[in-house]
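Each chain, written out:
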Amino acid sequence: MNLDHQDYELIERARRAIIPNYDGVNYMHTVGAALRTSSGGVYVGVNVYSLHGACAEQIALGNAITAGERTFSVIVAVAGEQGETILAPCGNCRQILAYYMPDAEVILPGADGPFKAKANDLLPWAYEVK
Ligand SMILES: [Zn+2]
């Protein structure tokens with residue numbers, strides 16, 4: 001799926017989350033994420049580093065959930081001092097996205113530029129929380 005102007009705006013919001021908080025030396029805050037809700041709200045986050053991390057996508061999702069949001073439409077993560085690199089979600093995030101927003105879209109890096117795919121399609125046969 002191709003990106004629209006709101007998707008590029010979301011990428012910019014992710015960049016604006018990481019640029020002022022980038023820290024590649026001490027706390028390794030190197031990724032920013034932005035999440036658009038179904039109602040159009042945008043929540044952002046940067047990664048919190050540890051052995052098992054808390055990825056920027058998870059922080060953005062936690063921010064949205066904390067604000068009472070429960071339905072989501074698009075998420076993106078970017079890396080680098082200028083947030084110049086779009087990142088595909090890691091395996092753990094794919095599991096989280098499959099659980100919280102299976103029908104949402106994820107902006108991914110592509111050889112011909114960014115594109116979108118459904119979160120559920122990023123992790124076939126995902127573990128189902130019962
Ligand atoms: Zn992740």
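Preceding this paragraph is the structure being described.
Scope of this entry: the structure provided in the associated data block. In this text the structure is predicted, and so the values were computed from the model without any measurement.

Conventions adopted
- Residues numbered from 1 in each chain as written.
- Predicted model: local features only at pLDDT ≥ 70, side-chain atom pairs only at ≥ 80, totals over all residues.
- Heavy atoms only, no water.
- Helix = DSSP H or I, 4+ residues; strand = E, 2+ residues; numbered from the N terminus.
- Rg over C-alpha atoms; globule rule 2.2 N^0.38 Å.
- Buried < 20%, exposed > 50% of the residue type's maximum accessible area, 1.4 Å probe, protein only.
- Contact = heavy atoms within 4.5 Å.
- Areas by Shrake-Rupley, 256 points an atom, 1.4 Å probe, with all protein chains shown as cover.
- Lys, Arg positive; Asp, Glu negative; His and termini not counted.
- Salt bridge = Lys/Arg side-chain N within 4 Å of Asp/Glu carboxyl O.
- Core = buried A, V, L, I, M, F, W, Y, C linked by side-chain atoms within 4.5 Å.
- Polar contact = N/O pair within 3.5 Å; in protein donor to acceptor, adjacent residues only side chain to side chain.
- Expected span 1.5 Å × (residues − 1).
- Arc of directions from axis to C-beta.

The secondary structure content of the chain amounts to three helices and six strands. Compactness check: the chain gives a C-alpha radius of gyration of 14 Å against a globular reference of 14 Å for 130 residues, within 12% of the reference. The principal-axis extents of the C-alpha atoms in the chain amount to approximately 40 × 35 × 30 Å. Going through the 130 residues of the chain one by one, you find that 39% of them count as buried. Expressed as a percentage of contacts within the chain between residues at least 6 apart in sequence, the contacts between residues at least 24 apart total 53%. As displayed, the chain has an accessible area near 7300 Å², and 53% of this comes from carbon and sulfur atoms.

Looking now at the side chain of E57. Within the fold, E57 resides in helix α2 (residues 56-66). No salt bridge forms around the buried E57; measuring N to O, its nearest opposite-charge neighbour R94 is 8.0 Å away. Beyond its immediate chain neighbours, meaning those up to four positions away, E57 contacts A33, I75, A77, P89 and C93.

For the rest of this paragraph, the subject is the nonpolar core. Ranked by size, the top nonpolar core spans 20 residues in total, and within it L35, F72, I75, L97, M101 and V106 carry the most contacts. For this core, the elements supplying multiple residues, two or more each, are β1 (31-37), α2, β3 (72-79) and β5 (105-108). In contact with V106, other than residues within four places in its own chain, are I75, P89, L97, F115, K116, A117, A119 and L122. Ranked by size, the runner-up nonpolar core spans 14 residues in total, among them I18, A34, V46 and V76.

Turning next to the pattern of salt bridges. The full count for this structure, using the stated rule, is five salt bridges. K116 is the salt-bridge partner of D7, the closest N and O atoms lying 2.8 Å from each other. Here K116 lies in strand β6 (residues 115-118) and D7 lies in helix α1 (residues 5-18), a separation of 109 residues in the sequence. The residue K116 makes a salt bridge to E105 at a minimum N-O spacing of 3.3 Å. Remark: E105 occurs in strand β5 and K116 occurs in strand β6; sequence separation between them is 11 residues.

Looking now at the side chain of E69. By secondary structure assignment, the location of E69 is in the loop between α2 and β3. One buried charged residue, E69, forms no salt bridge at all, with the nearest opposite charge on R70 at 7.5 Å. Side-chain polar atoms of E69 contact the side chain of Y43, separated by 3.1 Å.

This part is about the environment of G110. By secondary structure assignment, the location of G110 is in the loop between β5 and β6. With 22 residues separating them along the chain, G110 and A88 place their C-alpha atoms 9.6 Å apart.

This part is about α1. Because the α-helix completes a turn every 3.6 residues, residues three or four places apart line up on one side. The end-to-end C-alpha distance of α1, which contains 14 residues, comes to 20 Å, matching closely the 20 Å that a straight helix rising 1.5 Å per residue would cover. Three or more residues of α1 are buried, namely D7, L10, I11, A14, A17 and I18. With its buried residues spanning 115° around the axis, α1 presents them on a single face. Residues of α1 that are exposed and point over 90 degrees away from its buried face: H5 and R16. Contacts from the buried residues of α1 go to β1, β2 (42-46), β3, β4 (85-87), β5 and β6.

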